[in-house]
Amino acid sequence: MQQTDQQIIDSVLAEFLPLCQIPHSSKHEQAVSEYLTAQLKKLGLQVQHDAIWNIWADAPASAGREDEPMIALQAHMDMVCAAGIPDFHPLTNPIQVETKDGWLSTNGRSSLGADCGAGIALILWLLGQNWISHPPLRIIFTVQEEIGLLGAMEIPKECVDHVSILLNLDGFALNRILVGSAGGMREHYARAVEWVPSPAGKAYQIKLSGFTGGHSGFDIGEKRANAVILMGEVLRRLQTKTPFAIAAFSGGEAFNAIPYQCTAVIISAVSIENAIAEMKQNILARHQHTDPNGSLEVIPCDAPPQVWAGSVTAGFLTLLGGFADGVYAMHPKLADCVSDSSNLGHVYLENDVLCLDAFIRFMDTSAEYALHQSHSLVAGMCGFSGTVRTRYPAWNTENHHLASRMAALYHEQTGKEMQILAQHVGLEPSYFIAKNPEMECVCLGMDIEGCHSPDERWRLGSIPVLGRMLAAYLANP
């Protein structure tokens, strides 16, 4: 018997709320995996799991549909645990939720875990509805998605070998359907720092702060300033005015975040305030549209006892000047979609080694090769060695038949058009498609805002729309 919208919302939340009682951050999914295994077994499914607690199970087809191609429903178990109050401990505390104005949230106490608990809850609801006719189904719940798609990478190939269609439920917007996502390569470059006694002169801290920053996938197309790259420009321009030595340099926080701050400490033979003042207006004006709160400051400071050797400074500033950063190419077929990009996200000193962490995102493997080769060559010429820390493939499909079918179902439900696009971040279908290139795949989702933050919230009205879309698709793929 079909349910009303409110009954669907209540039923899906009844599947979601128990997940909130089980801490399930990345690499700590065993308890939630065991809970989901028990739930699937209650529904009569045989469940398998691997060593890292990925689980998968098959739901038999409805009568008369046993010979139809298999469809997979997939979501990930882990969540990003962001604390909004001092006494929230993600490895031990349950998530407390409340409903207000049609949204489910924690009211700022912590992240909600709707990414991707909402998808898991909807799948469990679908499995419990006897009125939904469906072909053979494979249910796949993965781990460690939030730290590099590691569960999808490790899951056995046979898990998707016989799957014709895979529906990933890790989307964040009801009106968008994803047909592709970027691959990713994390690069690490390093050079030992030779120290020499500080020369005579004046010491200054040069500080870039207040820039917008952002996610190197979602926000790279906004052309926001990269504070590390910008500091390189400041120092190279300063070199034309006066010689100096670098005593310290740090900027950014993570390989996949656009740096919003960077600090350098230098010793110069002469005052640099006027030289910095001359370039400040030009630099900040260039980025006024994207980084209105950006600031460039010069602060006199105590002289440190040591500075970098001149060869280190020369190599480092040359590397910053030659490092490809930002959007490399836009998608040739999807409007306003970045295809390939690079982000120099973090520069830091570790045990007297100068380190740079960068992230290449790509839909086109030739662009990935070009960017990586460019970085490797200029780094090598500047005395830096490089390694690839992690890599995952792109999900890049030209077949949009499945997306068109889902868009038509969305229109039937809402009377509105659905956006078909690719996303410039990594998604698990990248690995599933690599294991089974014949499989067709889309990513769908409900309306979830503020993911990975204490402001995360889930619009409850989006639940029955996607639920009915999936039920209609399973009835008639």
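The structure this text deals with has already been given above.
Being a predicted model, the structure only gives us computed values, none of them experimental.

Novice: Looking at this model, I keep getting lost on the overall build of the protein chain. Mind explaining?
Specialist: What the protein chain contains, in helices and strands, is 11 helices and 26 strands. For a compact globule of 477 residues, the expected C-alpha radius of gyration is about 23 Å, and the protein chain comes in at 25 Å, within 12% of that figure. Taken along its principal axes, the extent of the C-alpha atoms in the protein chain is 85 × 45 × 45 Å. Of the roughly 20000 Å² that the protein chain leaves accessible, carbon and sulfur atoms contribute 50%.

Novice: Please explain the packing of helix α9 (residues 401-414) against helix α11 (residues 462-475) as it appears in this structure.
Specialist: Orientation of α9 relative to α11, taken along the N-to-C sense of each, is 125°, at an axis distance of 10 Å. Here α9 lies oblique to α11, going by the angle between them. Note on packing geometry: the crossing formed by α9 with α11 is right-handed. Of α11, the residues touching α9 (which contributes L402, R405, M406, L409, Y410, Q413 and T414) are V465, R468, M469, L470, A472 and Y473. Counted by class, the contact of α9 with α11 contains nine nonpolar, two polar and two charged residues.

Novice: Any chance you could explain the packing of aromatic side chains here in plain terms?
Specialist: The relative placement of two aromatic rings is captured by the distance of their centres and the angle of their planes. Under the definition given, this model contains seven aromatic pairs. Aromatic side chains F249 and F316 sit 4.8 Å apart centroid to centroid with 80° between the ring planes, which places their arrangement in the edge-to-face category. Here the residue F249 occupies a position in strand β13 (residues 244-252), and F316 occupies one in helix α7 (residues 310-322), the gap between them amounting to 67 residues. Here the aromatic cluster, defined as three or more aromatic residues joined through ring pairs, consists of F249, W308 and F316. For the cation-ring pair, R457 lies above W103, with the distance from its terminal atom to the ring centre recorded as 3.8 Å.

Novice: It is not clear to me how the pairing of strand β15 (residues 262-268) should be interpreted in this structure. Could you clarify?
Specialist: Residues in a regular strand project their side chains so that they alternate between the two faces of the sheet. With seven of its seven residues buried, β15 lies for the most part within the structure. Here β15 shows two buried faces, one formed by C262, A264, I266 and S268 and the other by T263, V265 and I267. Where strand β11 (residues 202-209) and β15 come together, seven bridges link them in antiparallel fashion. Paired with I206 across the strands is A264, a residue of β15. Two elements, β13 and β15, share seven bridges in a ladder whose sense is antiparallel. Counted as the bridge partner of A245 is I267 from β15.

Novice: For this particular structure, what's the right way to read α9?
Specialist: The periodicity of an α-helix, 3.6 residues per turn, causes residues three or four positions apart to be oriented the same way. Compared with the 20 Å implied by 1.5 Å per residue over 14 residues, the 20 Å span of α9 between its first and last C-alpha is a close match. For α9, the elements touching its buried residues are β7 (163-171), β8 (176-181), β23 (419-423), β24 (440-445) and α11. Remark: G415 follows α9 within two positions and exhibits a positive phi of approximately 75°.

Novice: Whenever I open this one, helix α5 (residues 227-239) confuses me. Can you help?
Specialist: Counted at 1.5 Å a residue, the expected span for α5 with its 13 residues is 18 Å, and the 18 Å between its end C-alpha atoms agrees. The buried fraction of α5 amounts to 10 of the 13 residues, a majority that puts the element mostly inside the structure. Every buried residue of α5 is listed here: A227, V228, I229, L230, M231, G232, E233, V234, L235 and L238. Of the surrounding elements, those touching the buried residues of α5 are β11, β13, β15, α6 (273-286), α7 and β19 (338-350). Between the side-chain oxygen of the N-cap and the backbone nitrogen of V228 there are 2.9 Å, and the N-cap of α5 in question is N226.

Novice: Mind showing me how you'd approach the sheet that holds strand β4 (residues 98-100) here?
Specialist: Paired through backbone hydrogen bonds, the strands of a sheet run either parallel or antiparallel to each other. Across the sheet, which stays open at both edges, the four strands sit in the order β4-β5-β26-β25 with antiparallel pairing between neighbours. A strand with exactly one partner marks an edge of an open sheet, and here the two such strands are β4 and β25 (448-449). Strand direction decides the pairing type here: β4 and strand β5 (residues 103-105), joined by three bridges, are antiparallel. Considered in β5, the bridge of K100 is made with W103.

Novice: What's the story with the nonpolar core in this structure? I'm lost.
Specialist: Nonpolar side chains tend to gather and get buried jointly when the protein is soluble and globular. Grouped together as the largest cluster of nonpolar side chains are 68 residues, with contacts concentrated most on F141, L167 and W458. By residue number, the principal contributor to this core is helix α3 (residues 114-127), which donates 11 residues. Apart from residues no more than four positions distant in its own chain, F141 is found in contact with L36, L40, N54, I55, A75, M77, I120, I123 and L124. Ranked by size, the runner-up nonpolar core spans 45 residues in total, among them V193, M279, L320 and L344.

Novice: Explanation requested: the side chain of E233 in the structure shown.
Specialist: With respect to the helices and strands, E233 occurs in helix α5. Residues within four places of E233 in sequence aside, it is in contact with I283 and R286.

Novice: What is the right way to read the environment of C262 from this model?
Specialist: The topology assignment puts C262 in strand β15. The buried category is assigned to C262, whose relative accessible area is 0%. Along the backbone, C262 and I229 are 33 residues apart, and their C-alpha atoms lie at a distance of 9.2 Å.

Novice: It is not clear to me how unusual backbone geometry should be interpreted in this structure. Could you clarify?
Specialist: Cis rather than trans, the peptide bond between D115 and C116 has omega equal to 10°. Its identity is not glycine, yet D336 carries a phi of approximately 60°, on the positive side. Inspection of the secondary structure assignment puts D336 in the loop between β18 (326-330) and β19. Here D336 falls in the exposed class, since its relative accessible area comes to 77%. Positive phi is not limited to glycine here, since N351 has a value of about 55°. By the secondary structure assignment, N351 is in the loop between β19 and β20 (353-362). Taking the relative accessible area as the measure of exposure, N351 reaches 74% and is therefore exposed.

Novice: Is there a simple way to think about the packing of helix α1 (residues 5-20) against helix α2 (residues 30-42) in this case?
Specialist: For any two helices packed against each other, one specifies the crossing angle of their axes together with the interaxial distance. Axis separation between α1 and α2 bottoms out at 10 Å; the angle between their running directions is 150°. Classed by the angle they form, the pair α1 and α2 counts as roughly antiparallel. Once α1 is placed against α2, the crossing between them reads as right-handed. The segment α1 lies against α2, with E15, P18 and L19 engaging V32, Y35, L36 and Q39.

Parameters at a glance
- Position labels on residues start from 1 in each chain and follow its written sequence.
- Predicted model: local features are reported for residues with pLDDT of at least 70 only, side-chain atom pairs are reported and counted for 80 or more only, and whole-chain, interface and lining totals are derived from all residues.
- Think of the side-chain values as coming from all heavy atoms in the structure, minus any hydrogens and water.
- Strands are runs of DSSP state E lasting at least 2 residues, helices are runs of H or I lasting at least 4, and numbering of each runs from the N terminus.
- Both definitions apply: the radius of gyration is a C-alpha atom measure, and the globule rule equals 2.2 Å times residues to the power 0.38.
- Using the Shrake-Rupley algorithm and a 1.4 Å probe, accessible areas are obtained, with residue cover drawn only from the displayed protein chains.
- For helices, the fitted axis covers only the stretch in contact; all axes are lines through C-alpha atoms, and the angles between them, taken along N-to-C directions, range from 0 to 180 degrees.
- Oblique is the label for any angle not under 35 degrees, not over 145, and not in the 65 to 115 range, which are roughly parallel, roughly antiparallel and roughly perpendicular in turn.
- Two helices that cross are described as forming a left-handed crossing if the nearer one is turned anticlockwise from the farther one by less than a right angle, and a right-handed crossing if clockwise.
- Two residues qualify as a contact provided that any one of their heavy atoms is within 4.5 Å of a heavy atom in the partner residue.
- Here the nonpolar group is Ala, Val, Leu, Ile, Met, Phe, Trp, Tyr, Cys and Pro; Asp, Glu, Lys and Arg are the charged ones; every other residue, Gly included, is treated as polar.
- Note on aromatic pairs: the rings of Phe, Tyr and Trp (six-membered ring only in Trp) are paired at centre separations within 6.5 Å, and the planes decide the class, stacked below 30 degrees, edge-to-face beyond 60, tilted for the rest.
- The criterion is that NZ of a Lys, or CZ of an Arg, lies within 6 Å of the ring centre and within 35 degrees of the ring normal, and then a charge sits over that ring.
- Burial status follows relative accessibility: with a 1.4 Å probe on protein chains alone, a residue under 20% of its type maximum counts as buried, one over 50% as exposed, and anything between as partly exposed.
- For two strands to be treated as a pair, DSSP must find at least two bridges joining them.
- In this scheme, a helix's expected span is set at 1.5 Å multiplied by one less than its residue total.
- N or O atoms closer than or at 3.5 Å make up a polar contact, with two conditions inside protein: a donor-capable atom paired with an acceptor-capable one, and, for residues adjacent in sequence, both atoms drawn from side chains.
- In these notes, a set of buried Ala, Val, Leu, Ile, Met, Phe, Trp, Tyr and Cys residues joined through side-chain atoms within 4.5 Å is what counts as a nonpolar core.

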